[in-house]
Every structure is written in structure tokens, then in C-alpha cells.
Amino acid sequence: MEFVLEIILNLVGFGVGLLIGIFAYTGFKNTGSPTLFRLTIAFLSISIGFGVVGLGYTIDSFVIHSGKIETGIQTLGIGIQTVGYFFIAFSHGIKSFFPKSRYLKSIAVPLFIIPGNSIEHIIRSISFILLVYGTIETIMSYMENRKTSTIFVASGLGLLALGEFLGWYSVVFPKSVLYVISISTKIVGLGALFVPIPKVPLRGIKFGGNV
Amino acid sequence: MSIIGDILTTTRDEVPDETGASVTYLIRKANISYGRISKILETLVQQGLLEQTSSDRACKYKISSRGREFLQAYRGFREFAETFGLRI
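Residues numbered from 1 in each chain as written. Chains lettered and ligands numbered in written order. Predicted model: local features only at pLDDT ≥ 70, side-chain atom pairs only at ≥ 80, totals over all residues. Heavy atoms only, no water.

**So, the overall build of chain A**
Our working definition: Counting from the N terminus, the helices are DSSP H or I runs at least four residues long and the strands are E runs at least two residues long. For the exposure calls, accessible area comes from a 1.4 Å probe over protein chains only, and a residue counts as buried if that area is under 20% of its type's maximum, exposed if over 50%, partly exposed in between. When checking whether two residues touch, look at their non-hydrogen atoms; a contact exists if any pair is within 4.5 Å.
For chain A, the count of helices and strands is seven helices and zero strands. Mapped in sequence order, the helices and strands of chain A form the string α-α-α-α-α-α-α. For chain A, the residues scored as buried account for 45% of the 211 residues in total. Sequence separation of at least 24 residues holds for 74% of the intrachain contacts in chain A that already meet a minimum separation of 6.

**Let's talk about the environment of A154 of chain A**
Residues and elements named next belong to chain A. Relative to the assigned elements, A154 resides in helix α6 (residues 148-172). Judged by relative accessible area, A154 falls into the buried class, the value being 6%. The spatial distance from the C-alpha of A154 to the C-alpha of S91 is 14 Å, given a sequence separation of 63 residues.

**A closer look at a nonpolar patch on the surface**
Residue and element names in this part refer to chain A. We apply this condition: Candidates for patches are residues over 30% relative accessible area with no salt bridge; among them, like charges are joined within 9 Å and nonpolar side chains (Val, Leu, Ile, Met, Phe, Trp, Tyr) within 5 Å. Accessible surface area values rest on a Shrake-Rupley calculation with a 1.4 Å probe, where residue burial reflects the displayed protein chains alone. Each reported salt bridge corresponds to a side-chain nitrogen of Lys or Arg within 4 Å of a carboxyl oxygen of Asp or Glu.
There is a patch of nonpolar side chains on the surface, built from L55, I59, F62, V63 and I64 and spanning about 530 Å² of accessible area. Residue placement: V63 occurs in helix α2 (residues 34-64). You can call V63 exposed: its relative accessible area is 58%.

**Topic: the interface of chain B and chain A**
Spelled out, the test is: Buried area adds together the accessible area that both of two parts lose upon being put together, with accessible area traced by a 1.4 Å probe. Throughout this entry, Asp, Glu, Lys and Arg are counted as charged residues, while Ala, Val, Leu, Ile, Met, Phe, Trp, Tyr, Cys and Pro are counted as nonpolar. The remaining residues, Gly among them, count as polar.
Listed by partner, the interface residues are 21 residues for chain B and 35 residues for chain A. Taking both sides of the interface into account, the surface hidden between chain B and chain A amounts to around 2500 Å²; carbon and sulfur atoms contribute 72%. Counting the surface chain B buries against chain A, the share from its top three residues, F77, F80 and F84 of chain B, is 29%. E82 of chain B is the partner of K147 of chain A in a salt bridge, and the nearest nitrogen-oxygen pair spans 2.5 Å. Counting residues per element, the side of chain B that touches chain A draws most heavily on helix α4 (residues 65-83) of chain B, at 11 residues. Tallied by class, residues from the side of chain B that touches chain A come to 11 nonpolar, five polar and five charged.

**Some points on α2 of chain A**
Helical geometry: 3.6 residues make up each α-helical turn, so side chains three or four residues apart lie on a common side. Under the convention used in this document: Helices are assigned an expected span. That span is 1.5 Å times one less than the residue count. Here a polar contact is taken to be a pair of N or O atoms separated by no more than 3.5 Å, where protein atoms must pair a possible hydrogen donor with a possible acceptor and residues adjacent in sequence count only if both atoms sit in side chains.
Spanning 31 residues, α2 of chain A covers 42 Å between terminal C-alpha atoms, matching the ideal 45 Å at 1.5 Å per step. Here α2 of chain A starts with a cap whose side-chain oxygen sits 3.3 Å from the backbone nitrogen of T35 of chain A, and that cap is S33 of chain A.

**Let's talk about the nonpolar core**
We apply this condition: What makes a nonpolar core is a set of buried Ala, Val, Leu, Ile, Met, Phe, Trp, Tyr and Cys residues whose side-chain atoms join them at distances within 4.5 Å.
If you look at the biggest cluster of nonpolar residues, it comprises 61 residues, and the most contacted ones within it are F43 and L193 of chain A together with I7 and F80 of chain B. Per element, the largest residue contribution to this core is eight residues, and it comes from α2 of chain A. Those residues in contact with I7 of chain B that sit more than four places away from it in its chain are L26, A30, I37, I40, L41, L44 and L50 of chain B.

**Things to note about the confidence of the model for chain B**
This is how it is decided: Think of pLDDT as the predictor's per-residue confidence, scored from 0 to 100.
When pLDDT is averaged along chain B, the result is 84, and 95% of the positions lie at 70 or above. What the predictor reports for the complex is a pTM of 0.74 with an ipTM of 0.71.

**Points about the packing of helix α1 (residues 2-13) of chain B against helix α3 (residues 34-46) of chain B**
All names here are of chain B. Threshold: Interaxial angles span 0 to 180 degrees and are taken between N-to-C directions of axes, which are lines fitted to C-alpha atoms, for helices over the stretch in contact. Any angle that falls under 35 degrees is termed roughly parallel, while one over 145 is termed roughly antiparallel, one within 65 to 115 roughly perpendicular, and all others oblique.
The N-to-C vectors of α1 and α3 enclose an angle of 70 degrees; their axes lie 11 Å apart at closest approach. Judged on the interaxial angle alone, α3 and α1 are roughly perpendicular. Every residue of α3 that contacts α1 at I3, I4 and I7 is listed here: R36, I37, I40, L41 and L44. Looking at the contact of α1 with α3 residue by residue, the classes come out as seven nonpolar, no polar and one charged.

Structure follows, in C-alpha cells:
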């Protein structure tokens, strides 16, 4: 039953990410904006990442019947999602994120190395850091523009970060409900990212030429 | 991209007369050089977003119906990018 729930949650993540990705792509196709191109890659990667994990669970449930998803598939899916998180952070100017001073580097670098017992740990910690960075930058933007929709995006990125953190923690307690909570948190996060989109005034876009 | 948005908005909302906006007027509104705006205007006319109207002294520009559609979409996608704290 838990396995089915995980499949559904991952497929929901795939669907929501795909919708936002298609929306961003439509924007890129019509305006040629590099920002929208980066958001397209970001959300399509997040969508594909969820899809890979969901597909892994589906194949395991209906074909292999082992009751445990292959670690490689899980890592691959999370890795693809991380590419998406990177592009969201990159859109905010990732260069400003990396500390210049040696002292700060000595503090920041172990954050990447300490959980390095497996590739999955490293990927999850990178995702977490990128998402926290994206959340902070979005909150900063909210302070400037005071748009309610920006708060939804900041909350969404924050929930994705929390989901990644819980996902990393579920490795410590493998048989707990933490993994389901992690995926659910990430889905709610993606949902929050989707909230502002229907409010965007778009009607009758017929042209497809890139300016 | 924002310059294109500014030019289209000006030709839609702030045209001084019915014949359209002159290059000088658009330069003042978009705050860019003549060389740069000329290339942008040429592209916008080629794409069908602006209509070039001839007046007795110089070329003037009016927004086309396709340009209006584009501007509406542009504003929507700008809003979308702004919700992420980004600029289009």
C-alpha cells in the first residue's frame, strides 16, 4: 500500500513539474527569454526526476516484485531533480552564492563532504543547499516587489528543501514513514509553485515566432 | 527583452498622434541609442509586431494586432518570471 502511495506521489510530482515546465517553455518559445529557458530546463528536470523514481517504483511493483526500489534508480531520479534545482538557483545568479573567503569555504565545503558516504547523500545535500538558496533569494525578491504570488513560490521552494532534508533523513531511518512524508512535502511544494500560474493573465496566445 | 516590451507598450499606450510614434519619441521613452533602436524596430516590423507608417517627414511606428497579442503574452510571462523573483 505504501509502495502504491509512493508511485502516486511521484507521478503527481511528474505531472505538476511537467505542467510548469510546459508553461515556461511556451514563454521561452514566444519571447526567447533566457530566464524562461532556464526555468523550462529546471521544471522539466524536476518532472523527469519524479518520473524516473515513479517509473522505478512501478516497474518494481508490477514486474520485479522485490518490494524495494533499486538504489541506482532512486539516485538517478534525485540527481535529475537536482539539475532542476540547480537551474532555479542558477537563475538567481549562482556565482554570488559561493563564498569567496577561505574561512567560509572551510565551513561550507564540509557540508558537501560529510554526508558523502553515498552518491545519494551528496546529491540530496546539494539539492537542499540549492533550494535553500533559491528560497532565500525569492524571499528577498518578495521584500522588493511585495507580490503575494512570490510568497507562494518561496514557500514552494522552502517545502521542496524540507522534503529533500526529510528524504536525506529517511536514509537514516529506512523503514519509517519519513520517505512518504518527504515525497508528500515535495509535492505540496511543487503545488505551491503552481499556485501563481493560473493567476497569470494569459489568453489567446496564437503566435509561435521567437522575437 | 524589456526594451521590446517598453517599445510595444509605448506604441500601444503613449502614441502622440494616430500616425504612430516617431523614432525620436521611442528613443526618449526606451532610453537607448539610435543604432540599437533601429535594429530592434526593423526586427519588430519584420516579425509583424509593429506597423511602419510613413508620414511627410519620417517613419512612424504603430503596434499591430499581433503586437498587442505578443505584449499581452509578454506581460503574462514577465509576471510568471517575477513570481520566481526573476526578470524575463
